[in-house]
Amino acid sequence: MHMPLADIRAAIGINEKFLFINELFSGSLQEYNQAIQSLNQARDEEDAMTAFEDYAGRYKWNPRLPAVSKLKELVKRRFL
């Protein structure tokens, strides 16, 4: 069982951060920061997953990419 996260950003290591920026946000640090902030501030898991799916559609994420699975896991842990 994973521990709940108080802050998604704090749980992301430097290597993961660059992986997410490059693979999920087209290399944009600004878009990554906005997304993480939005996911972190969601009211509940349902809101967070709706936002996650919006980003997935906007950036055309391949759901089989490890980076997508990892970010989704972090979002879910935020609301345990």
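Look up: the structure comes first, before these words.
Residues numbered from 1 in each chain as written. Predicted model: local features only at pLDDT ≥ 70, side-chain atom pairs only at ≥ 80, totals over all residues. Heavy atoms only, no water.

**Q** So, the environment of Ser38: which residues are in play, and what are the values?
**A** Looking at the secondary structure, you find Ser38 in helix α3 (residues 29-40). Contacts of Ser38, omitting those with residues within four sequence positions, involve Ala51 and Tyr55. (Helix = DSSP H or I, 4+ residues; strand = E, 2+ residues; numbered from the N terminus. Contact = heavy atoms within 4.5 Å.)

**Q** Can you lay out unusual backbone geometry for me, pointing to particular residues and giving the numbers?
**A** Positioned with a positive phi, Ser26 is a non-glycine residue whose angle comes to about 50 degrees. Along the chain, Ser26 turns up in the loop between α2 (14-24) and α3. Phi angles above zero are rare outside glycine, and Lys60 is one such case at about 55 degrees. Looking at where Lys60 falls in the secondary structure, it is placed in the loop between α4 (45-58) and α5 (66-78). You can call Lys60 exposed: its relative accessible area is 72%. (Buried < 20%, exposed > 50% of the residue type's maximum accessible area, 1.4 Å probe, protein only.)

**Q** Outline the packing of aromatic side chains, listing residues and values.
**A** Scanning all chains against the criterion turns up 7 aromatic pairs. Summarising the aromatic geometry, the rings of Phe52 and Trp61 are spaced 5.3 Å apart at their centres and angled 65 degrees between planes, so their arrangement reads as edge-to-face. On the basis of relative accessibility, which here comes to 2%, the residue Phe52 falls in the buried class. Ring plane angle 15 degrees and centroid distance 6.4 Å describe the contact between Tyr59 and Trp61, whose orientation is recorded as stacked. Judged by relative accessible area, which is 9%, Trp61 ranks as buried. Members of the aromatic cluster, connected to one another through ring pairs, are Phe25, Tyr32, Phe52, Tyr55, Tyr59 and Trp61. One cation-aromatic arrangement involves Arg78 over Phe79; the distance from NZ or CZ to the ring centre is 5.2 Å. (Phe/Tyr/Trp six-rings, centres within 6.5 Å; stacked < 30°, edge-to-face > 60°. Lys NZ or Arg CZ within 6 Å of the ring centre and 35° of its normal.)

**Q** Talk me through α3; I want residue IDs and the actual numbers.
**A** Counted at 1.5 Å a residue, the expected span for α3 with its 12 residues is 16 Å, and the 16 Å between its end C-alpha atoms agrees. Turning to α3, its buried residues are Tyr32, Ala35, Ile36, Leu39 and Asn40. Along the axis of α3, the buried residues cluster in a sector spanning 130 degrees; they form a single face. (Expected span 1.5 Å × (residues − 1). Arc of directions from axis to C-beta.)

**Q** Please set out the side chain of Asn40 residue by residue, giving values where relevant.
**A** Among the structural elements, Asn40 can be located in helix α3. Reaching out from Asn40, the side chain makes a polar contact with the backbone nitrogen of Ile8 at a distance of 2.9 Å. With sequence-adjacent residues up to four places away left out, Asn40 is seen in contact with Ala6, Asp7, Ile8, Arg9, Arg78 and Phe79. (Polar contact = N/O pair within 3.5 Å; in protein donor to acceptor, adjacent residues only side chain to side chain.)

**Q** Requested: an account of the pattern of salt bridges, with residues and values cited.
**A** Two side chains carrying opposite charge are able to pair once their charged atoms lie near each other. Tallied over the entire structure, the rule returns 5 salt bridges. For Lys76, the salt bridge is made with Glu45, and the minimal N-O distance between the two is 3.4 Å. Pair noted here: Lys76 is in helix α5 and Glu45 is in helix α4, with a separation of 31 residues, a long-range link. Judged by relative accessible area, which is 36%, Lys76 ranks as partly exposed. Judged by relative accessible area, Glu45 falls into the partly exposed class, the value being 31%. A salt bridge links Glu53 to Lys72; the shortest N-O distance between them is 3.8 Å. With Glu53 in helix α4 and Lys72 in helix α5, this pair connects stretches of sequence that are 19 residues apart. Relative accessible area serves as the criterion here: at 43%, Glu53 is assigned to the partly exposed category. Taken together, the salt bridges that share partners define one network made up of Glu16, Lys70 and Glu73. (Salt bridge = Lys/Arg side-chain N within 4 Å of Asp/Glu carboxyl O.)

Structural measurements only, silent on function.
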